[in-house]
Amino acid sequence: MELSLVLGISLFGLLFALFLIRDVMKRDTGTAQMREISDAIKAGAQAFLRRQNLTIAYLAVALACLIYILYAFVRTHNEHDPASPGDLALWTTLSFAFGAACSVAAGYMGMWVAIRANIRTAAGATRSMNDALQAALRGGAVSGFFVVAMSLLGVAGLFALVKSLGVTNDVTKIPLLIVGYGFGASFVALFAQLGGGIYTKAADVGADLVGKVEAGIPEDDPRNPAVIADLVGDNVGDCAGRGADLFESTAAENIGAMILAAGLYRTNESIFVGQNSTLLGVLLFPLIARAFGIIASMVGIMAVKTNESEDPMKALNRGYYITAALAMVGFFIASRWLLGTQFYFNFFLCGVIGVLTSVAFVFITQYYTEYRYRPVKSIAEASQTGPATNIIAGIAVGMESTGYPILVISIAIVSAYFLGNHSGLNQAGLFGTAVATMGMLGTAAYILAMDTFGPITDNAGGIVEMSRQSEAIREKTDRLDSVGNTTKALTKGYAVGSAALAAFLLFGAYIDEVTNYMPSFERAINLNKPEVFVGALLGAVLVFLFCSLAIKAVGGAAYSIINNVRDQFKNNPGIMKGTAKPNYGECVDIATKAALGKMVVPGLLVVGMTLGTGLVFRWLYYASGQPKSGATGAEVVGGYLMVGTITGILMALFLNNGGGAWDNAKKYIETGAYGGKRSEPHRASVVGDTVGDPFKDTAGPSLHVLIKLLSTITLVLAPLFL
């Protein structure tokens, strides 16, 4: 029954996404001029994604073959393996490939609707704010429901398939056979986020520096040759990239929580039997709790409506609060039903902690990135004395912004662990943190809808500007675009917060997995051992090297676009006069080639460094005669994973919030503060925003994926390091 319920709600979520597609597609598509611009964005986004997915497919096939070879022919069979060497290799590889394919599909579907919702949002703005708001949110919600429903469907479907085929007699071992699903999703997400992030920010930086600063023309002005590439970038970075990001979040955490649930049941089997709690119910509890979150998000999406005078952000927040409240109700039902009437309440509270943590992250991110509050206003004020002080203030705000989120994460982890330990079940603290993570992800479908809302409204504003609509319509799309910038920042805060909670969950799952394969493992990572300390250093430096490569990639690509835009202005004076059209295709092509060429090295660095660290230290351990003071490859990778994750969380918070604050400081000045547009403070703020662009839209979001990729890759490859 439990498995059927998960599969049923997942399919219902996909059907709801199809309903939203139909609702969006039947809306008005505006004037012929608006459609011409929308079609150009659509063509550019689809062409880029086709080329990117082909590149990712080659890399994924190569890695799948490597995984199979390492498992089937290189690794020595272990008596504690969940299945025979052939079955273990086959199911790990198949689950990797399936996770990668589902991640690509979820990201593509989200973008497919987004590039069609933009024109409908623009046309909706000609009628009412409510029409435009609902077109954008429902278009964004398609991505949210595809991501969450497909993630659940994939994990539950693999679980059902392995169980029905009888690959293993022990149901608790099944999650170990399908861990590759999370790894495949993470692998695709890293390249999707990197490629989309490099593309979008190269185009954005080029358009801003030459268009706004040098030529003095407005954002989205049709005379700017990079404007179409910029609008395309919003879709491939924030829609397809973030869709793949949150897909791998939900996939990895579902499997990690199932591994911990299996360990919890084995430890407390007699207690669960006495409470009439079944093994399958405990194993599938994380999936059922998440499935109820899909239903909560449906209600939240349909509840959103506004009027001409209300701040659209209030309408979105209202829908979010409804979703969060219903998600908590869902946790109560799932906990009481599956975890026993004697123990459920503490785990229900763990789920509530997760939901409240997501709310806290939304407010904290809002505080550091909205121009209504002190941090962003301080950057705008610093812009009065030039770009240098603007950048100094932005870096300071980014660093400051790490404090409150870490405090919230710390409280959440300690509280959930305490509640789990005092639930009446043995060794349940870690499972308590897993439930808190599930709680935080309970609103994921709605949060992703808010995220994709951002690029849709940004594109709608561009379409309105380029098609020369009236100032009143532009004012509506500007309001929605401003809200969209906030929702994108909030989603990044949410994503890094969920990554931080999940990191502890997945680290626990890694320890459980290693113990399953090697019962003599001490279940501890000792940083006092030199090998483990070196592994920890390697994990920390990986984050810095990865960010460096990502930011340099944006800089190199932007350099090419800037030169192209300058050349077009110089060689065709009619562009600035409005008598000739710029060549938009050249900038689109430059950004595409740069993104695809420069996304490969950072991605391969993560996989190669993790695999190399584990295998080298495994070889050293056995070559030295396994001294008692030595560390196995698995223990070294544990230190690498722990410190790399902590460093990645801090760096992601700094990059996301700092970049978002720079962006909104510029927008605050554009409202008329400190001289408004074309003033010296505005020029300084554009420079600061340009520095922040690769922070918040390339390196920062890619770190969300890196944090979880480190966990999923170590879960999949752990047997090779023993």
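Since the model is a prediction, treat every value here as computed from it, not as a measurement.

**Student:** For the overall build of the protein chain, give the residues involved together with the corresponding values.
**Tutor:** On a plain count of helices and strands, the protein chain comes out with 23 helices and 0 strands. Taken against the 2.2 N^0.38 rule, which gives 27 Å for 722 residues, the C-alpha radius of gyration of the protein chain at 25 Å falls within 12% of a compact globule. Structurally, the protein chain occupies a C-alpha span of about 75 × 50 × 45 Å along its principal axes. The burial tally for the protein chain puts 66% of its 722 residues in the buried class. In the structure as shown, the protein chain presents an accessible area of about 23200 Å², 63% of it carried by carbon and sulfur atoms. Here the protein chain holds 51 positive side-chain charges and 50 negative ones, and the gap between their average locations is 3 Å.

**Student:** Residues and numbers for the packing of aromatic side chains, please.
**Tutor:** The tally for this structure, following the rule as stated, stands at 24 aromatic pairs. Plain terms: the ring middles of Phe 16 and Phe 145 are 4.9 Å apart, the flat faces sit at 70° to each other, and that makes the pair edge-to-face. Note that Phe 16 is positioned in helix H1 (residues 2-25) and Phe 145 in helix H4 (residues 129-165), a separation of 129 residues in sequence. Judged on exposure class, the residue Phe 16 and its partner Phe 145 are both buried. In this structure an aromatic cluster arises from ring pairing among Phe 96, Phe 183, Phe 187 and Phe 191.

**Student:** Provide a residue-level description of helix H16 (residues 444-466), including the pertinent values.
**Tutor:** With 23 residues, H16 should reach 33 Å at 1.5 Å per residue; the first-to-last C-alpha distance of 34 Å fits that figure. A positive phi of about 60° marks Arg 468, the residue just after H16.

**Student:** Can you explain a nonpolar patch on the surface? Please cite residues and give values.
**Tutor:** Judged by side-chain polarity, Phe 12, Leu 15, Leu 18, Ile 295, Val 299, Ile 322, Leu 326, Val 329, Phe 332, Ile 333 and Phe 345 come together as a nonpolar surface patch covering roughly 910 Å² of accessible area. Top element by residues in the nonpolar patch is helix H10 (residues 312-338). It accounts for 5 residues. Mapping Val 299 onto the fold places it in helix H9 (residues 279-302). Given a relative accessible area of 39%, Val 299 falls into the partly exposed group.

**Student:** Please give an account of empty space enclosed by the protein that cites residues and values.
**Tutor:** The rolling of a water-molecule-sized probe over the atoms marks out the regions of remaining empty space. Per the counting criterion, the structure on display carries 4 cavities of 30 Å³ or more. The computed volume of the largest cavity comes to approximately 260 Å³. Every residue lining the largest cavity is counted, 24 residues in all, and those nearest its centre are Lys 201, Asn 485, Lys 488, Asp 663 and Lys 696. Elements with a contribution of two residues or more to the lining of the largest cavity: helix H6 (180-215), helix H7 (227-267), helix H17 (471-517), helix H22 (633-670) and helix H23 (680-717). Looking at the lining of the largest cavity, the element that brings in the most residues is H22, giving 6 residues. Across the lining of the largest cavity, the residue classes tally to 1 nonpolar, 5 polar and 18 charged.

**Student:** Residue-level account of the packing of H4 against H9, with values.
**Tutor:** One way to put it is that H4 packs onto H9 with a least axis distance of 11 Å and a crossing angle of 165°. Comparing their axes, H9 and H4 come out roughly antiparallel. Remark: the crossing between H4 and H9 carries left-handed chirality. Between H4, through Leu 137, Arg 138, Ala 141, Phe 145, Val 148, Ala 149, Leu 152, Val 155, Ala 156, Phe 159 and Lys 163, and H9, the contact on the second element is made entirely by Leu 280, Leu 283, Leu 284, Leu 287, Arg 290, Ala 291, Ile 294, Ser 297, Met 298, Ile 301 and Met 302. A class-by-class count of the residues in the contact of H4 with H9 yields 18 nonpolar, 1 polar and 3 charged.

**Student:** Explain the confidence of the model for the protein chain to me, using residue names and the numbers behind them.
**Tutor:** Averaged over all residues, the pLDDT of the protein chain equals 85, while 98% of them reach at least 70. Predicted confidence in the protein chain is weakest over H7, with a mean pLDDT of 78, and strongest over helix H13 (residues 387-400), with 95.

**Student:** Explain the layout of surface pockets to me, and be specific about the residues and the numbers.
**Tutor:** Here the second largest pocket defines a volume of roughly 840 Å³. Taken together, 32 residues line the second largest pocket, and the ones lying closest to its centre are Tyr 417, Leu 430, Phe 504, Phe 507 and Gly 508. Elements with a contribution of two residues or more to the lining of the second largest pocket: H7, helix H14 (403-421), helix H15 (429-440), H17 and H22. For the lining of the second largest pocket, the element with the most residues is H17, which contributes 9 residues. Split by residue class, the lining of the second largest pocket holds 19 nonpolar, 10 polar and 3 charged.

**Student:** Just give me the short version of the environment of Val 464, but keep the residues and values in it.
**Tutor:** For Val 464, the position within the fold is in helix H16. Ignoring sequence-local partners within four residues, the contact set of Val 464 consists of Ala 122, Gln 469, Ile 473, Arg 474 and Thr 477.

**Student:** Account for the pattern of salt bridges, with residues named and values stated.
**Tutor:** As a working rule, side chains carrying opposite charge can pair if their charged atoms are close by. Overall, the coordinates contain 21 salt bridges when judged by the stated rule. With its nearest N and O atoms 3.4 Å apart, the salt bridge here joins Arg 138 to Asp 23. Within this pair, whereas Arg 138 is found in helix H4, its partner Asp 23 is found in helix H1, the two being separated by 115 residues in sequence. Of the two residues, Arg 138 and Asp 23, neither departs from the other in class, the shared state being buried. The shortest N-O distance in the salt bridge between Asp 663 and Lys 666 comes to 3.8 Å. Of the two residues, Asp 663 and Lys 666 both sit in helix H22, 3 residues apart, roughly one turn of that helix. Residue Lys 666 is classed as buried on the basis of its relative accessible area, which comes to 2%.

**Student:** How would you explain the nonpolar core if you had to name every residue and give the values?
**Tutor:** Counting 257 residues, the largest nonpolar core has Phe 145 and Phe 431 as its most contacted members. With 22 residues, the top contributor of residues to this core is H7. If we ignore the near neighbours within four places in the chain, the residues touching Phe 145 are Gly 13, Leu 14, Phe 16, Ala 17, Leu 20, Met 150, Ile 294, Ser 297, Met 298, Ile 301 and Ala 445.

**Student:** Describe the environment of Ile 259, with residues and values.
**Tutor:** Of note, Ile 259 is situated in helix H7. Apart from the residues lying within four places of it in its own chain, the contact partners of Ile 259 are Pro 175, Leu 176, Val 179, Ala 509, Asp 512 and Leu 715.

**Student:** Tell me about the side chain of Thr 712, and name the residues and values.
**Tutor:** Positionally, Thr 712 belongs in helix H23. Within the structure, Thr 712 has its side chain in polar contact with the side chain of Ser 186 (distance 3.2 Å). A polar contact of 3.2 Å, which involves the side chain of Thr 712, links it to the backbone oxygen of Leu 709. Ignoring any residue separated from it by four or fewer positions in sequence, one finds Thr 712 in contact with Gly 182, Phe 183, Ser 186 and Ala 252.

Thresholds, definitions, all that
- Residues numbered from 1 in each chain as written.
- Predicted model: local features only at pLDDT ≥ 70, side-chain atom pairs only at ≥ 80, totals over all residues.
- Heavy atoms only, no water.
- Helix = DSSP H or I, 4+ residues; strand = E, 2+ residues; numbered from the N terminus.
- Rg over C-alpha atoms; globule rule 2.2 N^0.38 Å.
- Buried < 20%, exposed > 50% of the residue type's maximum accessible area, 1.4 Å probe, protein only.
- Areas by Shrake-Rupley, 256 points an atom, 1.4 Å probe, with all protein chains shown as cover.
- Lys, Arg positive; Asp, Glu negative; His and termini not counted.
- Charge placed at Lys NZ, Arg CZ, Asp CG, Glu CD.
- Phe/Tyr/Trp six-rings, centres within 6.5 Å; stacked < 30°, edge-to-face > 60°.
- Expected span 1.5 Å × (residues − 1).
- Patch = residues over 30% accessible without salt bridge, like charges linked within 9 Å, V, L, I, M, F, W, Y side chains within 5 Å.
- Salt bridge = Lys/Arg side-chain N within 4 Å of Asp/Glu carboxyl O.
- 1 Å grid on protein atoms, 1.4 Å probe; cavity = no way out; pocket = protein on both sides within 12 Å on 5 of 7 lines; lining within 4 Å.
- Points joined across faces, edges and corners; volume = space filled by probe spheres on them.
- Nonpolar A, V, L, I, M, F, W, Y, C, P; charged D, E, K, R; others polar.
- Axes fitted to C-alpha atoms, helices over the stretch in contact; angles between N-to-C directions.
- Parallel < 35°, antiparallel > 145°, perpendicular 65-115°, else oblique.
- Left-handed = near helix turned anticlockwise from the far one by under 90°.
- Contact = heavy atoms within 4.5 Å.
- pLDDT = per-residue confidence, 0-100.
- Core = buried A, V, L, I, M, F, W, Y, C linked by side-chain atoms within 4.5 Å.
- Polar contact = N/O pair within 3.5 Å; in protein donor to acceptor, adjacent residues only side chain to side chain.

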